[in-house]
Amino acid sequence: MDVSARVRTDDVRKYLLTDVASCTFTFSDGLKSKVSPSPESEIVLVKFIPRASKSKRFEDSVLSNYSRARNMNELAAMCKYDCVRTFTRHFKKCFGQTPYQWMLERKMEEIQSLVFNSDISITEISRMYDFKSVSHLVNAYTKRFGISPHKSRLSNAI
């Protein structure tokens, strides 16, 4: 047995407990988990790495940066990710959809608010949000909300 294998075995042994009736884990967020083995079992304690804190930091980073990002690549860079694929994978785990879909939904919500609460022209809104053309914005808006932005503005004015 080499030295590194012995060290790893020694590390494991110091966490191995026998004759344990039950064990309760209390996590930093206040949640508790109780483990009660059968009489012939042993409990092995391992280091817990909280996923919630990593996930929360990622979510906070996305939410604080998305309004300044023009596209997914910029958002990934602002969140300190060099690889867009890795960023996208983490994003899907955290938000349940791709960064593009999520950013488009946020944009559409902001655009709907502008349509309802301002007199800014649809052409100007399409420029503000970097749509390729006004028709691209109108099609995306209609697909999302089931009514064109112009009709939406008129029905809200009534």
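Provided above is the structure to which this section pertains.
Right, let's walk through the structure included here. Positions within a chain are numbered from 1, following the residues in the order the chain's sequence is written. In view of the model being predicted, local features appear only for residues whose pLDDT reaches at least 70, and side-chain atom pairs are presented and counted only at 80 or more, with totals across whole chains, interfaces and linings using the full set of residues. For side-chain calculations, the full set of non-hydrogen atoms in the structure is used, while hydrogens and water are omitted.

Attention shifts here to the overall build of the protein chain. Put simply, DSSP H or I for four residues or longer makes a helix, DSSP E for two residues or longer makes a strand, and each gets a number counted from the N terminus. Across its full length, the protein chain carries eight helices and four strands. For the protein chain, the N- to C-terminal ordering of α and β elements is α-β-β-β-β-α-α-α-α-α-α-α. Here the term buried applies to any residue with accessible area under 20% of the maximum for its type, exposed to any over 50%, and partly exposed to those in between, with areas from a 1.4 Å probe on protein chains only. Counting only residues that meet the buried cut, the protein chain has 23% of its 158 residues in that class. Within the protein chain, counting contacts between residues at least 6 apart in sequence, those at least 24 apart form 41% of the total. Pairs of residues are marked as contacts when any of their non-hydrogen atoms sit within 4.5 Å.

Any Lys or Arg side-chain nitrogen found within 4 Å of a carboxyl oxygen on Asp or Glu counts as a salt bridge. The final tally for this structure, using the stated rule, is six salt bridges. When the shortest N-O distance is used, the salt bridge between Arg70 and Asp130 registers 2.5 Å. Of this pair, Arg70 sits in the loop between helix 2 (51-65) and helix 3 (72-78) while Asp130 is found in the loop between helix 6 (122-128) and helix 7 (134-145), placing the two residues 60 residues apart along the sequence. On the basis of relative accessibility, which here comes to 40%, the residue Asp130 falls in the partly exposed class.

This part takes up the nonpolar core. The nonpolar core is taken to be a set of buried Ala, Val, Leu, Ile, Met, Phe, Trp, Tyr and Cys residues, with the residues joined through side-chain atoms within 4.5 Å. Core analysis: the biggest nonpolar cluster contains 12 residues, these being Phe58, Val62, Tyr66, Ala69, Leu75, Ala76, Cys79, Phe87, Phe91, Phe95, Trp102 and Met103. Among the secondary structure elements, those contributing two or more residues to this core are helix 2, helix 3, helix 4 (84-95) and helix 5 (99-117). Broken down by element, this core gets its largest block of residues, three residues, from helix 4. By size, the runner-up hydrophobic cluster in this structure holds 11 residues, among which are Ile111, Val115, Ile122 and Tyr129.

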